[in-house]
Amino acid sequence: MLDFAAMRATLAEAYDLAPSLTLAEEMRDVHARMERVVTLPDFARYAPYIRAINRLKHEKNAIILAHNYMTPEIYHGVADVVGDSLQLAIEATKVEAQTIVQCGVHFMAETSKILNPSKTVLIPDMEAGCSLAESITAEGVAQMRAKYPGAPVVSYVNTTAEVKAASDVCCTSSNAAQIVAAMEGDTVIMTPDQYLAQNVARQVPQKKVVWWAGSCIVHEQYTAQDLRDYRALHPDTRIIAHPECPPSVVAEADFSGSTSGIIDYVTREHPGRAMLVTECSMASNIADALPEVEFVGPCNMCPYMKKITLEKILFSLHTGTEEVFVDPEIAARARVAVERMIELSRKIAK
Ligand code: 13P
Ligand code: SF4
C-alpha cells in the first residue's frame, strides 16, 4: 500500500510542485483541451505535475497508456495513447519504449505485461482493481467447463492473467459479439460479466451463451427506469450505454458500445444533448472537443480507475514503482488467449 506522506516528501524534494498560474498560462494549449471541465485555478495545480511527468517520460524512455476513464488532466495532459481496452491491448503490442506506465486498472497493466514480457510495466497504484476481475478465479473457469463440457470459454479482458490463461480466447466490449459468433459449437461460456454476456446473447441468437455471475459495480447501478424518467423529461436526449449495463438498460439506449465506441458515436452524431451511461470521466474527456454537445444525466465513478492520479503517476515514474509481474508460464498461456482475440478482431475489422 502506498505511503502518501513518504510519497509527498520524496516528490517535494525532487520537484517544484507548487500550484502556478504562470505555468498554467504557459501551458495554455494543454489546458485548452479540458477548459470546459477544468478551471484555470485547478489547472494551475495540475500543471507542475504534467510538466514533470512529461519530462520524466522522455528521460526514462517511458510511454503512458491511458484508459478512456482517466480524468481529463491525465487523459489530455500526460497520456501518449488513450483508448478502450482493445485499443490499449493492441497499442501495447507496438510499444517501442522500455517502460510502460499503465494508467488504468490492474488487469490492463497485466495485459500489457503479458504482451511485453521483456518490458517494465508500471501501475501507479497496485490497488486499482476491478469488481469483474475480482469476481472469478481459474477455479471458477474450471467449474464452468465441468458444467458445460466442450464449450469454449470466452473471458472478458477484465480478468486476471490466471483466468485468461484458463480461457480459450479473450474479448472486450468492442468485439464480444463477434468473438462469440466466431466460436465453434452451439454453447459458449462467457466470464465473468453476466450483463455483457446477456447483451451478447441477444446479438448472437444462434449461440447458447452461458455466463458467470460477475458484474461491474459502476454499470450495474443504472436502471431502465432512470433512463425512461430522463427521456420523459428531455425527449431529445441521445442515450448511450456501455454493454456492462444490464440488458434492460441497454434496451432503453439509442446506442451501446465500448468506451471508444461511445466516443466515436457522439463525435460522429453530434447530438444536441447526450447522456453517457458509463463512467463519469468519459463525458469530461470529450466535452471540449464537442462544445455543441450538452452532456447530461447521472454519472457513476469507478473507484478503482480513480485511484490513478497525477501525483501517483509522477511517483511511479520517479521511483520505478509499482512494477507488474506475471508468472512466465501463466503469461505464456494468457498470451495465447489475448493474441487470439487480437487476431480475430483484425479479421472481423476487414
Ligand atoms: P472498454 O473496453 O469499453 O474500454 O471497457 C473497459 C471497462 O472497464 C469498462 O468498465
Ligand atoms: Fe471494472 Fe467496472 Fe471499473 Fe471498468 S468501470 S474497471 S469494469 S469496476
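These numbers come from a predicted model, not from an experiment.

Student: What should I look at first to understand the overall build of the chain in this one?
Tutor: Helix and strand content of the chain: 17 helices and 12 strands. On C-alpha atoms alone, the chain measures out to a radius of gyration of 20 Å, which is about the 20 Å that the 2.2 N^0.38 rule sets for 350 residues. Its C-alpha atoms give the chain principal-axis dimensions of about 65 × 55 × 40 Å. Sorting the 350 residues of the chain into buried and exposed places 58% on the buried side. Partitioning the intrachain contacts of the chain with sequence separation of at least 6 by distance along the chain shows that 63% fall at a separation of at least 24. As presented, the chain carries roughly 14,600 Å² of accessible surface, and 52% of it is formed by carbon and sulfur atoms.

Student: Before we go on, may I ask you to explain the environment of Ala24 in this structure?
Tutor: Within the secondary structure, Ala24 sits in helix α2 (residues 21–26). Looking at Ala24, the relative accessible area reads 1%, which means it is buried. On a C-alpha basis, the gap between Ala24 and Gly83 in space is 26 Å, while along the polypeptide they are 59 residues apart. Beyond its immediate sequence surroundings of up to four residues, Ala24 is in contact with Leu40, Phe43, Ala44 and Ala47.

Student: I'm lost on the pairing of strand β9 (residues 238–241) in this one. Help?
Tutor: In the case of a regular strand, side chains alternate between the two sheet surfaces. Inspection of the sheet shows β9 paired to strand β11 (residues 273–277) by four bridges, in the parallel sense. Bridging from a neighbouring strand, Arg238 pairs with Ala274 of β11. As paired strands, β9 and strand β10 (residues 255–256) are joined by two bridges and run parallel to one another. Residue pairing in the sheet places Ile240 in a bridge with Phe255 of β10. In the classification by handedness, the crossover that spans β9, the intervening helix α13 (residues 247–252) and the parallel β10 is right-handed.

Student: Whenever I open this one, the site of ligand 1 confuses me. Can you help?
Tutor: His67, Tyr69, Asp84, Ser85, Asn158, Ser173, His219, His242, Glu244, Ser258 and Thr259 make up every residue found near ligand 1. In this structure, an oxygen atom belonging to ligand 1 sits 2.6 Å away from a side-chain N or O atom of His67. Contact between ligand 1 and Tyr69: an oxygen atom at 3.4 Å from a side-chain N or O atom of the residue. Compared with its free state, where it exposes 300 Å², ligand 1 has 96% of that area covered by protein. Mapping ligand 1 onto the cavity grids shows that it belongs to the largest cavity.

Student: Would you take a moment to explain the site of ligand 2 for this structure?
Tutor: The local shell around ligand 2 consists of Tyr69, Val105, Cys130, Ser131, Leu132, Asn158, Cys216, Val218, Glu244, Cys302, Tyr304 and Met305. Because more than half of its atoms lie within 2 Å of the grid, ligand 2 is assigned to the largest cavity. Per-class residue counts for the shell around ligand 2 are nine nonpolar, two polar and one charged.

Student: Quick question: what am I supposed to make of the side chain of Arg273 here?
Tutor: Mapped onto the elements of the fold, Arg273 is located in strand β11. By relative accessible area, which is 17% here, Arg273 ends up buried. In this structure the side chain of Arg273 is engaged in a polar contact, spanning 3.3 Å, whose partner is the side chain of His234. A distance of 2.9 Å separates a polar atom in the side chain of Arg273 from a polar atom in the side chain of Asp236. Beyond its immediate sequence surroundings of up to four residues, Arg273 is in contact with His234, Asp236, Thr237, Arg238, Glu294 and Val296.

Student: Is there a simple way to think about the pairing of strand β5 (residues 153–156) in this case?
Tutor: Across the two faces of β5 the burial is the same, with Val153 and Ser155 and Val154 and Tyr156 all buried. Bridging between β5 and strand β6 (residues 169–171) involves three bridges; their strand directions are parallel. Its bridge partner being in β6, Val154 is matched across the sheet by Val169.

Student: I'm lost on the pattern of salt bridges in this one. Help?
Tutor: Think of it this way: side chains of opposite charge can pair up when their charged atoms draw near. A complete count under the given rule lists 15 salt bridges for this structure. Linking Asp168 and Arg145 is a salt bridge whose minimum nitrogen-to-oxygen distance equals 3.1 Å. With Asp168 in the loop between α9 (161–165) and β6 and Arg145 in helix α8 (residues 138–147), this residue pair connects regions lying 23 residues apart in the sequence. Given the relative accessible area of 27%, Asp168 is considered partly exposed. One continuous salt-bridge network, built from bridges that share partners, spans Glu25, Arg28 and Glu35.

Calculation rules
Residues numbered from 1 in each chain as written. Chains lettered and ligands numbered in written order. Predicted model: local features only at pLDDT ≥ 70, side-chain atom pairs only at ≥ 80, totals over all residues. Heavy atoms only, no water. Helix = DSSP H or I, 4+ residues; strand = E, 2+ residues; numbered from the N terminus. Rg over C-alpha atoms; globule rule 2.2 N^0.38 Å. Buried < 20%, exposed > 50% of the residue type's maximum accessible area, 1.4 Å probe, protein only. Contact = heavy atoms within 4.5 Å. Areas by Shrake-Rupley, 256 points an atom, 1.4 Å probe, with all protein chains shown as cover. Pairing = 2+ DSSP bridges. Right-handed = clockwise from strand over helix to strand, strands pointing away. Near = heavy atom within 4 Å. Polar contact = N/O pair within 3.5 Å; in protein donor to acceptor, adjacent residues only side chain to side chain. 1 Å grid on protein atoms, 1.4 Å probe; cavity = no way out; pocket = protein on both sides within 12 Å on 5 of 7 lines; lining within 4 Å. Sits in = over half its atoms within 2 Å of the grid points. Nonpolar A, V, L, I, M, F, W, Y, C, P; charged D, E, K, R; others polar. Salt bridge = Lys/Arg side-chain N within 4 Å of Asp/Glu carboxyl O.

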